[in-house]
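Observations on the model geometry
Spelled out, the chains give:
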Amino acid sequence: MSVTLAINPERRKAYREQGFWGDASLGDYWQQSVRAVPDKIAVVDGHGASYTYAGLDRAAGRLASWLQEQKVQPGDRVAFQLPGWCEFTLIYLACLKIGAVSVPLLPAWREAELVWVLNKCQAKIFFAPTVFKQTRPVDLILPLQAQLPQLRQIVGVDKLAPATTTLALSQLLRDHAPLTGAAAVHADALAAVLFTSGTEGKPKGVMLTHNNILASERAYCARLNLSWQDVFLMPAPLGHATGFLHGVTAPFLIGARSVLLDIFTPEACLNLLEEQRCTLMSGATPFVYDLLEALVRRPTDLSSLRFFLCGGTTIPKKVARECRRLGVKLLSIYGSTESSPHALVNLDDPPSRMMNTDGYAAAGVEIRVVDEARTPLPAGVEGEEASRGPGVFVGYLDEPELTARALDADGWYYSGDICRMDEAGYITITGRKKDIIVRGGENISSREVEDILLLHPRIHDACVVAMPDERLGERSCAYVVPREPGSPLSLEEIVDFFSRRRVAKYKYPEHVVIVDKLPRTASGKVQKYLLRQDIIRRMRQSQSA
């Protein structure tokens, strides 16, 4: 399947001249690390599994041989729905060896999301666990094969239980010799498609080239002074840009160690941090919040931890103060899947900058704040945040109209986030134009949830807004108008309806308000700002009662 990549020739020339882009692929960087530190531990997970660089290279080579046997060609998509396991990195590297495009998927996704995404990217191969969290994820897809005409093989990652209904990854690794010689892949080729939910409802495939990923992660490592001596602890899902880029890719680019966690609990996280002497962690505010709570109950040796990188939601002052009290350096980072990460603070910035801003532009990145006409605004004036740089994505998969709306001909990506910039170039995100809820770093499309609510036979009208939450930043609140006025409709009934629709659980409404009608403008548009004000008022009344 050929795709159109939005690479501006002038920008390409400039990024090559400046050294941000080149000819080397991610696979080339991997091989360089294998040659440099073959016996060093490359990846560890919470189940006690680990691989050296050389050992992981051999295992990935065996899987690459099987993928070639399945006629997977350069540019073909390979999807994998795995948690934080060593096998995630193994599959990713196997794709790099043959020039296949990696499509990492969130473990929380169920049938509704999987069918859409697998068809959208036309995945040839799909990997999923035989067992994870008391479910059998690989079996979800088996009854749906008739709806997936492009899918050739399903492979069970038999880490926790044998594969009984599909091919087993362990067997493929035993039966195949390592690939001799990797495919020649140019750095301008597509390396990965990361799916993200936004205002359009359905997940969108963010296309990233090898050069995009290399530019963003090299800038990330440079700003934070990361080296082969660092140990990266990643508690966030690897299907997210945070996990995929900063938890898996960045470590192997510099010969560092990647430490992965499949199910986040603060206790498991602290255990890994101590055992592996981790030097940095990344994640959204809830991770920090929970770790701080756990540290009260369980004293932990944090002497190895250089800093915690926090992005996805605003850092509450209480969390920042508690980190400072414990001696944990909390750093702001800002970006999106389409432009990740492009703003970070400095390691030696004063606390006021670390707490009150989202950083300034990474190497090679330009940031500006624009008005509705996309005209740049002066310092201190609020507007939409836009970024341009070598890490900015090259389009949404098979979505030319969406791509044209978000990414202009000059390479500027318009984030939909509202921010202001100070005289020194530091930005502060203050809100969103996009109609999304950010729940602990997970983007939930209000429109998608509303569309599902409106399918309920007892719901006449519905609207979903964000309600503030101390731990997660935001949760989704559904305002519902019943078909029969005065008819009771409980949260439990709505959750049960979403469950039957086989939708990811993090998208379920978490609070329901029954109303007679929704506030609308003369043109019929719901006045969501009134509902946001209303839920805050209701929360205050509840707390004071």
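What counts, and where the lines are drawn
- Residues numbered from 1 in each chain as written.
- Predicted model: local features only at pLDDT ≥ 70, side-chain atom pairs only at ≥ 80, totals over all residues.
- Heavy atoms only, no water.
- Buried < 20%, exposed > 50% of the residue type's maximum accessible area, 1.4 Å probe, protein only.
- Helix = DSSP H or I, 4+ residues; strand = E, 2+ residues; numbered from the N terminus.
- Pairing = 2+ DSSP bridges.
- Salt bridge = Lys/Arg side-chain N within 4 Å of Asp/Glu carboxyl O.
- Core = buried A, V, L, I, M, F, W, Y, C linked by side-chain atoms within 4.5 Å.
- Domains from an automatic or database assignment.
- Contact = heavy atoms within 4.5 Å.
- Polar contact = N/O pair within 3.5 Å; in protein donor to acceptor, adjacent residues only side chain to side chain.
- Axes fitted to C-alpha atoms, helices over the stretch in contact; angles between N-to-C directions.
- Phe/Tyr/Trp six-rings, centres within 6.5 Å; stacked < 30°, edge-to-face > 60°.
- Lys NZ or Arg CZ within 6 Å of the ring centre and 35° of its normal.
- Buried area = accessible area lost by both parts, 1.4 Å probe.
- Arc of directions from axis to C-beta.
- 1 Å grid on protein atoms, 1.4 Å probe; cavity = no way out; pocket = protein on both sides within 12 Å on 5 of 7 lines; lining within 4 Å.
- Points joined across faces, edges and corners; volume = space filled by probe spheres on them.
- Nonpolar A, V, L, I, M, F, W, Y, C, P; charged D, E, K, R; others polar.

With that settled, the discussion passes to the pairing of strand β19 (residues 413-421). For β19, the buried fraction is high: eight of the nine residues fall into the buried class. In this sheet, strand β20 (residues 427-432) lies alongside β19 in antiparallel orientation, the contact comprising five bridges. Residue pairing across strands places Met421 opposite Ile427, the latter belonging to β20. Linking β19 to β20, which pair antiparallel, is a turn of five residues; within it Gly425 sits at a positive phi near 95°.

Here the focus is the pattern of salt bridges. This structure, assessed with the given rule, holds 30 salt bridges. Across the salt bridge formed by Arg458 and Glu493, the nearest N and O atoms sit 2.6 Å from each other. Of this pair, Arg458 sits in the loop between α15 (446-453) and β23 (459-469) while Glu493 sits in helix α16 (residues 491-500); the two residues are 35 residues apart in sequence, bridging distant segments of the chain. By relative accessible area, Arg458 is classed as partly exposed at 31%. Via salt bridges that share partners, Arg439, Asp469, Arg475 and Glu510 belong to a single interconnected network.

Among the nonpolar cores identified, the biggest contains 89 residues, and Leu63, Leu67, Val78, Phe127 and Phe308 are the most heavily contacted of them. For this core, the element with the highest residue contribution is helix α4 (residues 86-98), accounting for ten residues. Three or more residues apiece are contributed to this core by two domains, here domain 1 (6-23 + 210-393 + 405-434) and domain 2 (25-185). Contacts of Phe308, omitting those with residues within four sequence positions, involve Met281, Ser282, Gly283, Phe287, Val288, Leu291, Val328, Lys329, Leu330 and Leu331.

Here Asp45 lies in strand β1 (residues 41-45). Reaching out from Asp45, the side chain makes a polar contact with the backbone nitrogen of His47 at a distance of 2.9 Å.

A few words now on the sheet that holds β19. Read across the sheet, four strands follow the order β17-β18-β19-β20 without closing on themselves; strand pairing throughout is antiparallel. Each end of this open sheet is capped by a strand with a single partner; those strands are β17 (366-370) and β20. Put simply, the sheet's adjacent strands are angled 50° from each other on average, direction ignored. Bridge analysis of β17 against strand β18 (residues 383-388) gives five bridges, and the strand direction is antiparallel. By the bridge assignment for β18, Ile367 is matched with Ser387.

What follows concerns the environment of Val480. By secondary structure assignment, the location of Val480 is in strand β24 (residues 473-482). Sequence separation between Val480 and Ile535 is 55 residues; the distance between their C-alpha atoms is 13 Å. Not counting residues within four places of it along the chain, the set of residues in contact with Val480 comprises Ile459, Asp461, Leu489, Ile494, Val512, Val513, Ile514 and Val515.

Turning to the sheet that holds β23, a few remarks are in order. Strand pairing within a sheet occurs via backbone hydrogen bonds; the two strands may be parallel or antiparallel. Strand order in this open sheet of three strands is β23-β24-β25, and the pairing throughout is mixed. Each edge of the open sheet is held by one strand with a lone partner, namely β23 and β25 (511-514). Between one strand and the next, the sheet's axes are offset by a mean angle of 25°, whatever the strand orientation. Contacts from α15 reach β23 and β24, with the element oriented near 145° to β23.

Here we take up the packing of aromatic side chains. Across all of its chains, the model carries 14 aromatic pairs by this definition. Pairing Phe393 with Tyr413 gives two aromatic rings, centres 5.6 Å apart and planes at 85°, and the pair type is edge-to-face. One end of the pair, Phe393, is in the loop between β18 and α14 (400-406); the other, Tyr413, is in strand β19, with 20 residues separating them in the sequence. Neither Phe393 nor Tyr413 differs from the other in exposure class; each is buried. A cation over an aromatic ring shows up here: Arg374 above the ring of Tyr414, its NZ or CZ 3.7 Å from the ring centre.

Here the chain is described as being made up of domain 1 (6-23 + 210-393 + 405-434), domain 2 (25-185) and domain 3 (435-543). Summarising the inter-unit geometry, the C-alpha centres of domain 1 and domain 2 are found 26 Å apart. Counting residues at the interface gives 29 residues for domain 1, matched by 32 residues for domain 2. In this assembly, domain 1 packs against domain 2 so that about 2,500 Å² is buried in total across both faces, 66% of it on carbon and sulfur atoms. For the domain 1 face of the interface with domain 2, the top three residues by lost area are His210, Phe252 and Asp262, together amounting to 27%.

Of all the residues in helix α10 (residues 266-276), the buried ones are Pro266, Cys269, Leu270, Leu272, Leu273 and Gln276. Viewed end-on, α10 has its buried residues packed into an arc of 160°, placing them on one side of the element. Among the structural elements, β1, β10 (231-234), β11 (257-260), β12 (280-283) and α11 (285-297) are those in contact with the buried residues of α10. In the stretch just after α10, Arg277 is the one whose phi turns positive, near 55°.

If a probe the size of a water molecule is rolled over the atoms, the empty space left behind becomes visible. Of the pockets and cavities examined, the second largest pocket occupies roughly 730 Å³. Contributing to the lining of the second largest pocket are 28 residues, with Asp435, Val465, Lys528, Tyr529 and Arg532 lying nearest its centre. Counting residues per element, the ones that place at least two in the lining of the second largest pocket are β20, β21 (436-439), α15, β23, β24 and α17 (528-544). Considering each element in turn, the lining of the second largest pocket owes the most residues, seven residues, to β23. Split by residue class, the lining of the second largest pocket holds twelve nonpolar, six polar and ten charged. Each of domain 1 (6-23 + 210-393 + 405-434) and domain 3 (435-543) contributes no fewer than three residues to the lining of the second largest pocket.

Time to look at empty space enclosed by the protein. The tally for this structure, following the rule as stated, stands at four cavities of 30 Å³ or more. The space that makes up the largest cavity amounts to roughly 130 Å³. Around the largest cavity, the lining is made up of 15 residues, and of these Ala6, Arg11, Tyr15, Gly389 and Gly411 lie nearest the centre. Per-element accounting of the lining of the largest cavity gives the leading share, three residues, to helix α1 (residues 9-18). Grouping the amino acids of the lining of the largest cavity by side-chain chemistry returns eight nonpolar, four polar and three charged. One number sums up the size of the second largest cavity: a volume of about 110 Å³. Along the wall of the second largest cavity there are 13 residues; nearest its centre are Leu291, Leu295, Leu305, Phe308 and Val328. Of all elements in the fold, only α10 and α11 reach the threshold of two or more residues within the lining of the second largest cavity. With four residues, the top contributor of residues to the lining of the second largest cavity is α11.

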